[in-house]
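Inside the fold
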Amino acid sequence: MTKSPMLEDAYALRTPQDSVKLYADWAGSYDSDFAAANDYQLPRLVAEHYVRAGGQAPVLDVGAGTGLCGEELKRLGMSDIDATDISQDMLDVAADKSVYRRLFTGDLTQRLDAQDNTYAGIVSSGTFTTGHVGPEAFDELLRVTRPGGLLAISINAKHYQAAGFEAKLKALSGAITDLTLPQERFYGPDANGEHKNDKGVIALFRKS
Ligand SMILES: C[S@@+](CC[C@H](N)C(=O)[O-])C[C@H]1O[C@@H](n2cnc3c(N)ncnc32)[C@H](O)[C@@H]1O
């Protein structure tokens, strides 16, 4: 049952403050009513791409939500995983899972509470999507990443075209290397409903 009222609302968000409101209501049921009910595969796929491409710790999960991607990284043997999200309510659910070393609220369209060159890598699952965060946030992600660090960022296919990700990655060509854009389906075979075939890329690249 990929048709979830909350999912429809999430795609219709306009501002960071809209996200804070919606995810405050959604945090308590997100893992069961959305992720499990819809066979949501994206956090696992992002974590697997990150590790397979040689991603190291410390790693920052941006738009971490309830911590599904962090859980997958931990399952793959990683530690020193930090989390940031605009929604304190989502981070409160993530904190209960004891996956993350540090959790802090932050708006990806603004400056994050982290020093330059802090992280060996960044992961993000489901946050670079319609109504959420656009390519302008890449500059801030690169600021907090160490030179040579790896980024694994899922981008919804419709958002990729509409929000100018291709142009942004081109503009960053002097600042990043090793860009690949593997395509993935976001939900598994048990999903149904309007979004069951949603797909996109996992942008994998390194900071120069
Ligand atoms: C669809 S959820 C994905 C959560 C988790 N990564 C996953 O895959 O389950 C999107 C997350 O992005 C966060 N978000 C939305 N806008 C944001 C912004 N401007 N800065 C930081 N986080 C944001 C929301 O609070 C929410 O937790």
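Residues numbered from 1 in each chain as written. Predicted model: local features only at pLDDT ≥ 70, side-chain atom pairs only at ≥ 80, totals over all residues. Heavy atoms only, no water.

- As annotated in an unreviewed UniProt entry, the protein carries the name Methyltransferase domain-containing protein and is attributed to Salinihabitans flavidus.

**Details of the packing of helix α4 (residues 42-52) against helix α5 (residues 68-75)**
- Interhelical geometry of α4 versus α5 gives an angle of 45 degrees and a closest axis separation of 8 Å. When the interaxial angle is binned, α4 and α5 end up oblique. Crossing hand, α4 versus α5: right-handed. From α4, Pro43, Arg44, Val46, Ala47, Glu48, Tyr50 and Val51 reach across to α5, where they touch Leu68, Cys69, Glu72, Leu73 and Arg75.
- Grouping the constituent residues of the contact of α4 with α5 by class yields 8 nonpolar, no polar and 4 charged. (Axes fitted to C-alpha atoms, helices over the stretch in contact; angles between N-to-C directions. Helix = DSSP H or I, 4+ residues; strand = E, 2+ residues; numbered from the N terminus. Parallel < 35°, antiparallel > 145°, perpendicular 65-115°, else oblique. Left-handed = near helix turned anticlockwise from the far one by under 90°. Contact = heavy atoms within 4.5 Å. Nonpolar A, V, L, I, M, F, W, Y, C, P; charged D, E, K, R; others polar.)

**Side note on the pattern of salt bridges**
- Enumeration according to the criterion identifies 11 salt bridges in this entry.
- With a closest N to O distance of 3.3 Å, Glu71 and Lys97 form a salt bridge. Highlighted residues: Glu71 in helix α5 and Lys97 in the loop between α6 (88-95) and β3 (102-105), separated in sequence by 26 residues.
- A relative accessible area of 21% places Lys97 in the partly exposed class.
- With its nearest N and O atoms 2.7 Å apart, the salt bridge here joins Glu72 to Arg75. Of this pair, Glu72 and Arg75 both sit in helix α5, 3 residues apart, which is roughly one turn of the helix. (Salt bridge = Lys/Arg side-chain N within 4 Å of Asp/Glu carboxyl O. Buried < 20%, exposed > 50% of the residue type's maximum accessible area, 1.4 Å probe, protein only.)

**A look at the packing of aromatic side chains**
- Counted under the stated rule, the structure contains 12 aromatic pairs.
- A centroid spacing of 5.8 Å and a plane angle of 40 degrees characterise the contact between Tyr40 and Tyr187, whose relative ring orientation is tilted. Taken together, the positions of Tyr40 in the loop between α3 (30-36) and α4 and Tyr187 in the loop between β7 (183-185) and β8 (199-207) put the pair 147 residues apart, joining distant regions of the chain. Summarising the burial analysis for this pair, Tyr40 and Tyr187 share the class buried.
- With a centroid separation of 6.0 Å and 10 degrees between ring planes, the pair formed by Tyr160 and Phe165 is classed as stacked.
- An aromatic cluster is built from Tyr23, Trp26, Tyr30, Phe34, Tyr40 and Tyr187, whose rings are joined through pairwise contacts.
- It is Arg102 that lies over the ring of Phe104; its NZ or CZ is 3.9 Å from the centre. (Phe/Tyr/Trp six-rings, centres within 6.5 Å; stacked < 30°, edge-to-face > 60°. Lys NZ or Arg CZ within 6 Å of the ring centre and 35° of its normal.)

**Quick notes on the site of the ligand**
- Taken together, 21 residues sit near the ligand, with Tyr30, Tyr40, Gly63, Asp85 and Ser125 positioned nearest.
- Asp85 places a side-chain nitrogen or oxygen 2.6 Å from an oxygen atom of the ligand.
- Ser125 is positioned with one of its backbone polar atoms (N or O) 2.7 Å from a nitrogen atom of the ligand.
- In isolation the ligand has 590 Å² of accessible area, and contact with the protein removes 97% of it.
- Elements supplying a minimum of two residues to the shell around the ligand: α2 (16-26) and β4 (119-128). (Near = heavy atom within 4 Å. Polar contact = N/O pair within 3.5 Å; in protein donor to acceptor, adjacent residues only side chain to side chain. Areas by Shrake-Rupley, 256 points an atom, 1.4 Å probe, with all protein chains shown as cover.)

**Quick look at the pairing of strand β5 (residues 145-156)**
- Where burial is concerned, most of β5 is hidden: 9 out of the 12 residues are buried.
- Relative to β5, β4 is paired through 6 bridges, and the arrangement is parallel. Among the inter-strand pairings, Ile122 is bridged to a residue of β5, identified as Leu151.
- For the crossover that starts at β4, traverses helix α7 (residues 138-144) and ends in the parallel β5, the hand is right-handed.
- In terms of strand pairing, β5 meets β8 through 7 bridges, oriented antiparallel. The residue bridging Asn156 from the neighbouring strand is Gly200, located in β8. (Pairing = 2+ DSSP bridges. Right-handed = clockwise from strand over helix to strand, strands pointing away.)

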